[in-house]
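Fold and geometry: a report
As a plain string of letters, each chain reads:
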Amino acid sequence: MTIEGGQGAAAGRRLRLGMVGGGEGAFIGAVHRIAARLDDRYELVAGALSSEPERAKASAAALHIAPGRAYGSFTEMAEREAARPDGIDVVAVVTPNHMHAAPVRAFAERGIHVICDKPLTHRLEDALELAEVVRRSGIVFGLTHNYTGHPMVRQAREMVAAGAIGPVRVVQVEYPQDWLTTRLEESGQKQASWRTDPARSGAAGCVGDIGTHAFNLAEFVTGLRCERLAAELSTFVQGRALDDNAHMLLRFAGGARGMLWSSQVAPGNENALRLRVYGETGGLEWAQEQPNHLLHSPFGEPPRLIRRAGAGASPAAAHASRIPGGHPEGYLEAFAQLYRELADQIAARLDRRQPDPASLLVPGLEEGLRGMRFITAAVESSRRDAAWTALEG
């Protein structure tokens, strides 16, 4: 099968979307479905929505997926969809971390494009093997580090690249939550259960779940690569198997320095992702809970508040916006931005043309590998009493 999948041109129709995972009770599956529909670029037509076949079929029925395209396993789905003349163009993999690699491989090997939730896998060695499969396949591959889709995050990236704050000196990023302040996993809560289980989450808990978002955001906005880190991972809730808090020092290529804090045991914080970047001539500050604002502080001048659709907003911000100023855009719209840009890339591939360059900022395979190297280095550094540890590769 070619990378076009034998499915014809994309012009005049929605992309046919399949989903692996994301059935009844799955938070992130519903988010992906909303994101896919927001700009009307996809139609969900197939799914293997649970590892339990009966539950998978019930979930598919609830989402109005035709019985013949409600599959009991992702392997069956990959085989049968690849053989259909109207098979899916792209699949969204929204399973727990340990179940990313096998579905991505199954669909990539059949030339079906993939949108995968982060992190890439639950072990670095699996990620490296998977990367080779994806590269050989030539498919479009997107990783949903959704915060990169916010208009003001795009604006901040553009301003740093244009030298608006001068060469970067200091990067401060934090992502505190409080939902795991108690041992919620003992209650049977599904999200807490798999995120605190090493077999499903991987070697890190908080670091893999939200620390990866903070790390990705820091590199995305600054354009800098973190070369080394010193990390202390802590488990404050007694009996928990994985970290629920992390403090790190970061060293970036070119000499910039940074600090990263991620926590899921910080009472009073819901989803307080925040990035501050300081250069020789100014600073930038963005907070996820006030996503439509970016604070620009030129040295020696009054701070300037840039609004998503107001004076000073850039073309990069406009590209990632949908509605007029004063109407807030947030989490779902940022997620949808990645889906919209991946739709642009996939449609261009199907139509054998070049995609819009503005749609090429979606995190992909390389960002996935960076995230896995970040997790691995953080765990190793903490094991060695916060020793400085290189991010290999």
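Residues numbered from 1 in each chain as written. Predicted model: local features only at pLDDT ≥ 70, side-chain atom pairs only at ≥ 80, totals over all residues. Heavy atoms only, no water.

1. Let's talk about the overall build of the protein chain
Using the following cut-off: In this text, helices come from DSSP runs of H or I with a minimum length of four residues, and strands from runs of E with a minimum of two, each type numbered from the N-terminal end. The quantity called the radius of gyration is restricted to C-alpha atoms. Its globule counterpart is 2.2 Å times the number of residues to the power 0.38. For every accessible area listed, the method is Shrake-Rupley and the probe measures 1.4 Å; residues are considered covered only by the protein chains on display. Only four residue types enter the charge count, namely Lys and Arg as positive and Asp and Glu as negative; His and the chain termini do not. To locate a charge, take NZ of a lysine, CZ of an arginine, CG of an aspartate or CD of a glutamate.
Scanning the protein chain for helices and strands turns up 12 helices and 14 strands. Taken over the C-alpha trace, the protein chain has a radius of gyration of 21 Å; the compact-globule value for 393 residues is 21 Å, and the two agree within 12%. Considering only C-alpha atoms, the protein chain reaches an extent of 65 × 50 × 35 Å along its principal axes. Accessible area of the protein chain: about 16000 Å², with a carbon and sulfur share of 53%. Averaging the positions of the 43 positive and the 46 negative side-chain charges in the protein chain gives two centres separated by 3 Å.

2. Some points on the sheet that holds strand 14 (residues 389-390)
Worth spelling out the cut-off: One requirement defines pairing of two strands: DSSP has to find at least two bridges between them. We call two residues contacting when some pair of their heavy atoms lies within 4.5 Å. Angles run from 0 to 180 degrees between N-to-C directions of axes, and those axes are lines fitted to C-alpha atoms, restricted for helices to the stretch in contact.
Across the sheet, which stays open at both edges, the 9 strands sit in the order 13-12-11-10-6-9-8-7-14 with mixed pairing between neighbours. The sheet is open, and its two edges are formed by strand 13 (304-307) and strand 14, each paired on a single side. Strand direction decides the pairing type here: strand 6 (residues 168-176) and strand 9 (residues 257-263), joined by 7 bridges, are parallel. When the sheet's bridge partners are listed, glutamate 174 is paired in strand 9 with tryptophan 261. Across the sheet, helix 6 (residues 151-161) touches strand 6, strand 11 (282-287), strand 12 (293-298) and strand 13, and the angle it forms with strand 12 is around 25°. Packing of helix 9 (residues 206-222) onto the sheet brings it into contact with strand 6, strand 7 (226-234), strand 8 (245-252), strand 9, strand 10 (274-279) and strand 11, and relative to strand 9 it is tilted by some 150°.

3. Re the pattern of salt bridges
Quick note on the threshold: Every case where a carboxyl oxygen of Asp or Glu lies within 4 Å of a side-chain nitrogen of Lys or Arg is listed as a salt bridge. Summary of the burial criterion: residues with accessible area below 20% of their type's maximum are buried, those above 50% are exposed, and those between are partly exposed, where the area comes from a 1.4 Å probe applied to protein chains only.
As enumerated under the stated definition, the model contains 32 salt bridges in all. Close ionic contact of arginine 80 with glutamate 76 constitutes a salt bridge, the shortest N to O distance being 2.8 Å. Note that arginine 80 and glutamate 76 are positioned in helix 3 (residues 74-83) at a spacing of 4 residues, about one turn of the helix. For arginine 183, the salt bridge goes to glutamate 186, with nearest N and O atoms at 3.1 Å. By relative accessible area, which is 33% here, arginine 183 ends up partly exposed.

4. Section: the UniProt feature "domain: GFO/IDH/MocA-like oxidoreductase" (unreviewed entry) in the protein chain
Applicable threshold: UniProt positions are given in the numbering used here, feature names are shortened, and annotations may be inferred rather than shown by experiment.
In the numbering adopted here, UniProt assigns the feature "domain: GFO/IDH/MocA-like oxidoreductase" (unreviewed entry) to residues 153-285. Secondary structure content for residues 153-285 is 27% helix and 32% strand, and the end C-alpha separation is 10 Å.

5. Concerning helix 5 (residues 124-137)
Put simply, the rule reads: A helix is expected to span 1.5 Å for every residue after the first. Think of the arc as the fan of directions from the helix axis to the C-beta atoms.
The terminal C-alpha atoms of helix 5 lie 20 Å apart, and with 14 residues this matches the ideal 20 Å at 1.5 Å per residue to within 8%. Among all positions of helix 5, only Leu124, Asp126, Ala127, Leu130, Ala131, Val133, Val134 and Ser137 are buried. Angular distribution of buried residues about the axis of helix 5 spans 170°; they occupy a single face of the element. On its buried face, helix 5 sits against helix 4 (101-108), strand 5 (141-143) and helix 12 (365-383).

6. Let's talk about the nonpolar core
As a rule of thumb, soluble globular proteins bury nonpolar side chains together. Test applied: For this analysis, a nonpolar core means a set of buried residues of the types Ala, Val, Leu, Ile, Met, Phe, Trp, Tyr and Cys, connected via side-chain atoms within 4.5 Å.
Residues Phe107 and Met248 are the most contacted members of the largest nonpolar core, which totals 77 residues. With 9 residues, helix 9 is the largest single contributor of residues to this core. Apart from residues lying up to four places away in sequence, phenylalanine 107 is in contact with Val20, Phe74, Met77, Ala78, Ile88, Val91, Ile112 and Val114. Core analysis: the next-biggest nonpolar cluster, separate from the first, contains 27 residues, Ile28, Leu49, Ile346 and Val362 among them.

7. A word on the state of the cysteines
Stated precisely, the cut-off is as follows: By disulfide we mean two sulfur atoms from cysteines, separated by a distance within 2.5 Å.
If you walk through the whole model with that rule in mind, you get 0 disulfides. Cysteine cysteine 206 is unpaired, with the sulfur of cysteine 226 as its nearest cysteine sulfur at 17 Å.

8. Notes on the packing of aromatic side chains
Applicable threshold: Pairing of aromatic rings covers Phe, Tyr and Trp, the last counted by its six-membered ring, and requires centre-to-centre distances within 6.5 Å; plane angles under 30 degrees mean stacked, over 60 mean edge-to-face, and any other angle means tilted. A ring has a charge above it when a Lys NZ or an Arg CZ is no more than 6 Å from the ring centre and no more than 35 degrees off the ring normal.
Inspection of the entire model under this criterion finds 5 aromatic pairs. Relative to tyrosine 339, the ring of tyrosine 42 lies with its centre 5.3 Å away and its plane at 80°, an arrangement referred to as edge-to-face. Of this pair, tyrosine 42 sits in strand 2 (residues 42-48) while tyrosine 339 is found in helix 11 (residues 331-350), placing the two residues 297 residues apart along the sequence. The same class applies to tyrosine 42 as to tyrosine 339, namely buried. Seen from their ring centres, phenylalanine 215 and phenylalanine 374 are 4.4 Å apart, and the 15° between their planes marks the pair as stacked. Placement of the pair is phenylalanine 215 in helix 9 and phenylalanine 374 in helix 12, with a sequence separation of 159 residues. Overall, phenylalanine 215 belongs to the buried group, its relative accessible area being 3%. The class for phenylalanine 374 is buried, based on a relative accessible area of 0%. Feature note: the residues Tyr147, Tyr175, Tyr331 and Phe335 constitute an aromatic cluster, connected by ring pairs. If you follow arginine 251 out to its NZ or CZ, it ends over the ring of tryptophan 388, 3.7 Å from the centre.

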